[in-house]
Amino acid sequence: MTPAAPAASGRALPHPARDEIRLEGVLHALSDPMRLRIVRELAADRGELSCSDFDLPVTKSTTTHHFRVLRESGVIRQTYRGTAKMNGLRDDDLDDLFPGLLDSLLAAAARQAARLGG
C-alpha cells in the first residue's frame, strides 16, 4: 500500500494507490450492511464526514474495524483534521476503475432499503 500524504497533524493512514484497488476488495468491503450504510451516508453527503457523524448500532471498536476495511479496500479516504478522522468516498477513483459500479450498488441499496423499510 502506498502511504497517504501526511496530514496536517503529522498522522497519516495507509491507503491503496488507485492502481492497487481490486474489485474483489471493493465488493467484499461493500458486502457488509454496516459498511454499506457508511458508504450510503458518505454518498448522500457528497463531502467528508467525521467518524463521530455516524450513528451505527455497533461498538466503537467494530465501527473502527468497518472504517479500516473500507479504507484498506480503497472505498474511502481517511484523513486527520485536528483530532477528527474525516472520511470521504473515493468515488472518482472507483468510477475510473469500475465505471458505474458505485452508482449501481448505491441505487440497488436504496431500492432494497425502500423495499425492506430500512
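Residues numbered from 1 in each chain as written. Predicted model: local features only at pLDDT ≥ 70, side-chain atom pairs only at ≥ 80, totals over all residues. Heavy atoms only, no water.

Asker: Just checking my understanding: could you explain the sheet that holds strand E4 (residues 76-81) for this structure?
Answerer: Pairing between the strands of a sheet is mediated by backbone hydrogen bonds and can be parallel or antiparallel. The strand order across the open sheet built from three strands is E3-E5-E4, with neighbouring strands paired in antiparallel fashion. Each edge of the sheet is formed by a strand with only one pairing partner; in this case those strands are strand E3 (48-50) and E4. Taking each pair of neighbouring strands and ignoring which way they run, the sheet shows an average axis angle of 30°. The pairing of E3 with strand E5 (residues 84-89) spans three bridges and is classified as antiparallel. Across the sheet, residue Leu-49 finds its bridge partner in E5, namely Asn-87. (Pairing = 2+ DSSP bridges. Helix = DSSP H or I, 4+ residues; strand = E, 2+ residues; numbered from the N terminus. Axes fitted to C-alpha atoms, helices over the stretch in contact; angles between N-to-C directions.)

Asker: What exactly am I supposed to notice about the packing of helix H2 (residues 33-45) against helix H5 (residues 101-116) here?
Answerer: Packed helix pairs are specified by the crossing angle of their axes together with the interaxial distance, meaning the distance between the axes. Where H2 meets H5, the axes come as close as 11 Å, and the angle between the chain directions of the two elements is 105°. By the angle between their directions, the pair H2 and H5 is classed as roughly perpendicular. Packed against H2, whose contacting residues are Leu-36, Val-39, Arg-40 and Ala-43, the element H5 presents Leu-102, Leu-106, Ala-109, Ala-110 and Ala-113 at the interface. Tallied by class, residues from the contact of H2 with H5 come to eight nonpolar, no polar and one charged. (Parallel < 35°, antiparallel > 145°, perpendicular 65-115°, else oblique. Contact = heavy atoms within 4.5 Å. Nonpolar A, V, L, I, M, F, W, Y, C, P; charged D, E, K, R; others polar.)

Asker: Sorry, what's going on with the UniProt feature "domain: HTH arsR-type" (unreviewed entry) in the chain here?
Answerer: Per the UniProt annotation, the sites labelled "domain: HTH arsR-type" (unreviewed entry) are residues 15-109. Between the end C-alpha atoms of residues 15-109 there is a gap of 25 Å, over a span that is 54% helix and 17% strand. (UniProt positions renumbered as here; feature names shortened; annotations may be inferred.)

Asker: Help me understand H5 in this model?
Answerer: It helps to recall that an α-helix has 3.6 residues per turn; residues three or four apart then point in one direction. The first and last C-alpha atoms of H5 sit 22 Å apart over 16 residues, in line with the 22 Å expected at 1.5 Å per residue. Looking only at H5, the buried set comprises Leu-102, Leu-106, Ala-109 and Ala-113. Buried residues along H5 cover an arc of 60° about the axis, so they all sit on one side. With respect to the buried face of H5, the exposed residues turned more than 90 degrees away are Arg-111, Ala-114 and Arg-115. Each element contacted by the buried residues of H5 is listed here: H2, E5 and helix H4 (91-97). In the segment just after H5, Gly-117 is the residue with positive phi, at about 75°. (Expected span 1.5 Å × (residues − 1). Buried < 20%, exposed > 50% of the residue type's maximum accessible area, 1.4 Å probe, protein only. Arc of directions from axis to C-beta.)

Asker: Teacher, can you tell me more about the nonpolar core here?
Answerer: A general feature of soluble globular proteins is that nonpolar side chains tend to end up buried together. With 24 residues, the main nonpolar core has Val-39, Leu-70, Val-75 and Leu-89 as its most contacted residues. Counting only elements with at least two residues in this core, the list comes to helix H1 (23-30), H2, helix H3 (60-73) and H5. Per-element accounting of this core gives the leading share, six residues, to H2. (Core = buried A, V, L, I, M, F, W, Y, C linked by side-chain atoms within 4.5 Å.)

Asker: When you look at the side chain of Gln-78 in this model, what are you seeing that I'm missing?
Answerer: One can find Gln-78 in strand E4. Polar side-chain contacts of Gln-78 include one of 2.8 Å to the side chain of Arg-71. Side-chain polar atoms of Gln-78 contact the side chain of Asn-87, separated by 2.7 Å. Among residues more than four places away in sequence, those in contact with Gln-78 are Leu-13, His-15, Cys-51, Phe-67, Arg-71, Lys-85, Met-86 and Asn-87. (Polar contact = N/O pair within 3.5 Å; in protein donor to acceptor, adjacent residues only side chain to side chain.)

Asker: Explain the environment of Asp-45 to me, please; I cannot follow it from the model alone.
Answerer: With respect to the helices and strands, the residue Asp-45 is situated in helix H2. Residue Asp-45 is classed as partly exposed on the basis of its relative accessible area, which comes to 37%. In this structure, the C-alpha to C-alpha distance between Asp-45 and Gly-88, residues 43 residues apart in sequence, is 9.3 Å.

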